[in-house]
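# Structural characterization, general
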Amino acid sequence: MGLATDILRSWRHPRQVMSLHLAQGIREDRVFMYLMLACFLIYVSQWPGLARDAKLDPATPLEMRLGGALFAWIFMVPLVLYLVAALSRIVARLFGGHGNWYSARLALFWSLLAATPLWLLNG
């Protein structure tokens, strides 16, 4: 299925979509693409708010705000999300979870990508 179709399907049937993604095998490139696409779309969704803030407070120009948000969402947030995925896998293991490191990353990154339409709508 296509990416947009899977995002729409994951709103109604998240377990089925996640099972399909897990059945495709371990593909780190695909998981990393989900993460980077989600971070980029969230960065784009913040443009209207950053423009509004720059208009209301001209002390910090729009370009500086956009650059800071770009650095945060494209370079820093992916690193933090890898850490969050690892911690979620450890906590799930403590409570009897049977997933592996890959499935923890896939679940977190896919969930973030599936939520990006809400981020864009909020922007």
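One structure accompanies this document, and this report is about it. This is a predicted model, so every value here is computed, not measured. (Residues numbered from 1 in each chain as written. Predicted model: local features only at pLDDT ≥ 70, side-chain atom pairs only at ≥ 80, totals over all residues. Heavy atoms only, no water.)

With that out of the way, let us pick up the packing of aromatic side chains. For the structure shown, the criterion picks out 6 aromatic pairs. Residues Phe40 and Tyr43 carry aromatic rings whose centres are separated by 6.4 Å and whose planes lie at 50° to one another, so their mutual orientation is tilted. Taken together, the residues span about one helical turn, with Phe40 and Tyr43 both in helix α3 (residues 28-45) at a distance of 3 residues. When the ring of Tyr43 is compared with that of Trp47, the centres are 5.7 Å apart and the planes differ by 90°; the resulting orientation is edge-to-face. Overall, Tyr43 belongs to the buried group, its relative accessible area being 8%. Look at Trp47 and you get partly exposed, because its relative accessible area is 39%. (Phe/Tyr/Trp six-rings, centres within 6.5 Å; stacked < 30°, edge-to-face > 60°. Helix = DSSP H or I, 4+ residues; strand = E, 2+ residues; numbered from the N terminus. Buried < 20%, exposed > 50% of the residue type's maximum accessible area, 1.4 Å probe, protein only.)

Attention shifts here to the pattern of salt bridges. Counting across every chain of the model gives 4 salt bridges. Residues Asp29 and Arg27 are paired through a salt bridge, measuring 2.9 Å at the closest nitrogen-oxygen approach. Between Asp57 and Arg65 there is a salt bridge, with its nearest N and O atoms 3.6 Å apart. On the accessibility criterion, Asp57 (38% relative accessible area) is partly exposed. (Salt bridge = Lys/Arg side-chain N within 4 Å of Asp/Glu carboxyl O.)

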